[in-house]
Amino acid sequence: MAAYAKRHYGVDSATLHPKVIVLHFTAGDSAASAISTFSRDTAALGELPGTCAHYVVDYSGVAYQLVPTSVMCRHAIGLNHVAIGIEVVQPTNGHSSAWADQQILARTAQVGGLLALVRSLQHEYGIPTSMVYGHATANSCPLFRDLQGWRNDHTDWGAAAVTELRHRLDALP
Ligand SMILES: [Zn+2]
């Protein structure tokens with residue numbers, strides 16, 4: 001990961017000081033399958049380490065931590081040097097990403113667990129709600145940076161869903 005950070009961010013370290021949270025959905029139907037995919041450490045876009053995320057949030061709202069938040073993890077081009085990645089279990093089943101985003105937002109237990117996790121990370125690291133992004137909106141983050149000119153082309157967590165989640169974060173007691 002340190003070698004990736006050097007190539008893409010000019011940072012010779014894999015130590016993470018989180019300033020951003022990026023939301024994803026797995027496009028698979030279980031936490032176990034997501035964890036097993038990440039564990040394979042398969043090259044992505046011709047480079048290692050394989051993609052991963054710090055947390056996976058299951059349908060029940062339970063969050064599994066895969067990587068310490070002090071270590072960078074490869075989940076969103078341009079933001080891995082500053083961002084915690086959270087994967088939410090949600091398949092697309094042939095539907096659009098916008099549909100999948102809405103399934104998560106409608107699943108009370110899961111979105112409740114997600115909100116609690118995001119909120120606790122915001123408190124721990126002083127991350128404002130404006131720095132909670134979706135993979136689909138990651139290119140617009142002011143901290144986006146990639147020395148190789150890479151850009152995200154993923155559509156998980158689009159602008160409408162991110163706006164809704166930010167409203168719900170702001171509404172928490
Ligand atoms: Zn993603």
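Below is a summary of the structure that appears in this document. Remember, it's a predicted structure, so these values are computed and weren't measured experimentally. (Residues numbered from 1 in each chain as written. Predicted model: local features only at pLDDT ≥ 70, side-chain atom pairs only at ≥ 80, totals over all residues. Heavy atoms only, no water.)

1. A short note on helix α5 (residues 159–171)
For an α-helix the count is 3.6 residues per turn, leaving residues at separations of three or four pointing the same way.
Now for step 1: Its 13 residues place the ends of α5 18 Å apart at the C-alpha level, agreeing with the 18 Å of an ideal helix rising 1.5 Å per residue.
Now for step 2: Among the residues of α5, those classed as buried are Ala 161, Val 162, Leu 165 and Leu 169. For α5, the angular spread of the buried residues around the axis is 100 degrees, confining them to a single face. Away from its buried face, by an angle of more than 90 degrees, α5 presents the exposed residues Ala 160, His 167, Asp 170 and Ala 171.
Now for step 3: Elements that come into contact with the buried residues of α5 comprise β1 (20–25), α3 (97–106), α4 (108–125) and β5 (132–134). (Helix = DSSP H or I, 4+ residues; strand = E, 2+ residues; numbered from the N terminus. Expected span 1.5 Å × (residues − 1). Buried < 20%, exposed > 50% of the residue type's maximum accessible area, 1.4 Å probe, protein only. Arc of directions from axis to C-beta. Contact = heavy atoms within 4.5 Å.)

2. Remarks on the nonpolar core
Now for step 1: The biggest cluster of nonpolar side chains holds 42 residues, and the ones touching the most others in it are Ile 86, Trp 157 and Leu 165.
Now for step 2: Those elements that provide at least two residues to this core are α1 (2–9), β1, β2 (55–57), β4 (83–88), α3, α4, β5 and α5.
Now for step 3: For this core, the element with the most residues is α4, which contributes 6 residues. (Core = buried A, V, L, I, M, F, W, Y, C linked by side-chain atoms within 4.5 Å.)

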